[in-house]
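Each chain, written out:
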Amino acid sequence: MSKLPDFEGLALFAKVAEERSFAGAAREAGVSVATVSRAVGRLEARLGGRLVNRSSRRLALTALGEQVVAGAARAFREAQEAEDAARDLSRRPRGTVRLAVPMSFGLRWVAPLLPEVLRLYPELVVDLHLSDATVDLVGEGFDAGLRIAALPDSSLVARRIRPVSALVVAAPAYLARHGRPEHPKSVRPDHCLGYAYRARRGIWHFTGPEGAQASVVPAGPLRVMNADALLPVLLDGLGVAELPDFIAAEYLADGRLEALLPGWHLPGGARSFVTPSAEARPAKVEALAEFFAARLSRA
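Residues numbered from 1 in each chain as written. Predicted model: local features only at pLDDT ≥ 70, side-chain atom pairs only at ≥ 80, totals over all residues. Heavy atoms only, no water.

### Focus: helix α10 (residues 283–295)
An α-helix turns once per 3.6 residues; consequently, residues spaced three or four apart project the same way. For α10, with 13 residues, the first-to-last C-alpha span of 18 Å sits near the 18 Å given by 1.5 Å per residue. Taken across its 13 residues, α10 has 10 buried, putting it largely inside the fold. What α10 keeps buried is the set Ala283, Lys284, Val285, Ala287, Leu288, Ala289, Phe291, Phe292, Ala293 and Arg295. (Helix = DSSP H or I, 4+ residues; strand = E, 2+ residues; numbered from the N terminus. Expected span 1.5 Å × (residues − 1). Buried < 20%, exposed > 50% of the residue type's maximum accessible area, 1.4 Å probe, protein only.)

Below, the structure is given as structure tokens:
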């Protein structure tokens with residue numbers, strides 16, 4: 001005999017006693033009458049005596065049944081309360097979320113939103129990892145990530161939030177010295193600054209009017225691992241660079257940088273919230289997915 005109590009038998013016996021019916025207990029428990037009958041029979045065999053007397057018209061507890069029913073009902077009630085409490089906790093965003101975000105995007109867009117996150121979800125702890133290197137979410141134990149790229153096929157589940165465009169830019173001082181290129185072939189590769197973690201490594205692929213194709217291989221004097229590090233050299237007029245719109249926007253707006261090659265486009269990407277799996281995603285991850293989808297969908 002198992003040393004563990006027969007919890008199913010006790011629970012179904014408590015339901016039988018409450019409903020005064022095997023059929024009623026089966027209906028309330030969502031199981032078959034045969035399941036209830038077997039569970040009660042098993043419990044009777046374990047306890048060594050009958051718990052109920054049944055006739056065609058009525059069901060009555062035996063003396064042993066009367067002795068057992070209060071404890072069985074209490075065990076059933078406490079088990080229900082434990083499940084309800086656990087279910088409530090699983091629906092409430094709480095605990096630590098390990099979140100991987102690219103450096104520049106994280107500092108500009110994600111970090112300013114964290115006060116709101118922590119106010120909305122006071123039981124949440126955000127472990128924010130900032131790096132432009134592509135993080136292995138599964139291998140490094142992250143719950144989720146924000147990606148700014150054209151995502152390759154993978155086992156990750158991605159929720160696309162908003163498109164991201166890439167722009168080739170230069171400062172007015174650069175254009176005053178070297179002129180404004182009108183075609184990718186006019187862009188001097190030795191003036192093109194590089195970014196180590198760009199998705200299309202080493203080559204700028206352009207699509208132009210009527211589907212025309214052109215490429216530039218950057219060979220300039222600077223290559224960086226974070227796009228913000230390009231800005232001092234760019235703003236000083238010492239080169240040309242590719243920047244995502246979320247970095248370039250403020251500099252284009254005030255004229256410190258200008259977009260080049262109108263009519264020619266680099267492949268775009270997207271802001272995406274990615275997770276290792278969409279199945280049974282914890283409430284803490286689901287809450288952040290919904291939050292960032294709403295806040296980061298803005299232009």
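And the narrative resumes.
### Thoughts on the packing of helix α5 (residues 103–110) against helix α9 (residues 245–253)
Running from N to C, α5 and α9 point in directions that differ by 60 degrees, and their axes come no closer than 10 Å. Of the possible angle classes, the one that applies to α5 and α9 is oblique. On the side of α5, the interface is formed by Ser104, Phe105, Arg108 and Trp109, while α9 contributes Phe246, Ile247, Glu250 and Tyr251. Residue composition of the contact of α5 with α9, grouped by class: five nonpolar, one polar and two charged. (Axes fitted to C-alpha atoms, helices over the stretch in contact; angles between N-to-C directions. Parallel < 35°, antiparallel > 145°, perpendicular 65-115°, else oblique. Contact = heavy atoms within 4.5 Å. Nonpolar A, V, L, I, M, F, W, Y, C, P; charged D, E, K, R; others polar.)

### Here we look at the packing of aromatic side chains
Each aromatic ring pair is characterised by the separation of its centres together with the angle its planes make. Applying the stated criterion across every chain yields a total of four aromatic pairs. Seen in terms of ring centroids, Phe291 and Phe292 are 5.3 Å apart; in terms of plane orientation they differ by 80 degrees. Their pairing is edge-to-face. Judged on exposure class, the residue Phe291 and its partner Phe292 are both buried. Aromatic rings pair up to connect Phe105, Trp109 and Phe246 into one cluster. Here Arg98 stacks its cationic end above the ring of Phe142, 4.1 Å away from the centre of that ring. When the ring centre of Trp109 is taken as reference, the NZ or CZ atom of Arg271 above it lies at 4.5 Å. (Phe/Tyr/Trp six-rings, centres within 6.5 Å; stacked < 30°, edge-to-face > 60°. Lys NZ or Arg CZ within 6 Å of the ring centre and 35° of its normal.)

### Quick notes on the nonpolar core
One finds Leu146, Leu234, Leu243, Leu257, Phe273 and Phe292 to be the most contacted residues of the largest nonpolar core, which totals 37 residues. The element contributing the most residues to this core is α10, with six residues. Apart from the residues within four sequence positions on either side, Leu257 is in contact with Val169, Ala170, Ala171, Pro172, Leu231, Leu234, Leu235, Leu243, Tyr251 and Leu252. Residues Ala17, Ala26, Val40 and Leu51 belong to the second largest nonpolar core, which totals 20 residues. (Core = buried A, V, L, I, M, F, W, Y, C linked by side-chain atoms within 4.5 Å.)

### A look at the pattern of salt bridges
Inspection of every chain in the model, using the stated rule, returns 14 salt bridges. Here Glu123 makes a salt bridge to Arg94, at a shortest N to O gap of 3.3 Å. Taken together, the positions of Glu123 in the loop between α6 (114–120) and β4 (124–130) and Arg94 in the loop between α4 (63–91) and β3 (95–101) put the pair 29 residues apart, joining distant regions of the chain. Classification of Glu123 by relative accessible area gives partly exposed; the value is 35%. Here the residues in one salt-bridge network are Arg108, Asp228, Glu250, Asp254 and Arg256, joined through shared partners. (Salt bridge = Lys/Arg side-chain N within 4 Å of Asp/Glu carboxyl O.)

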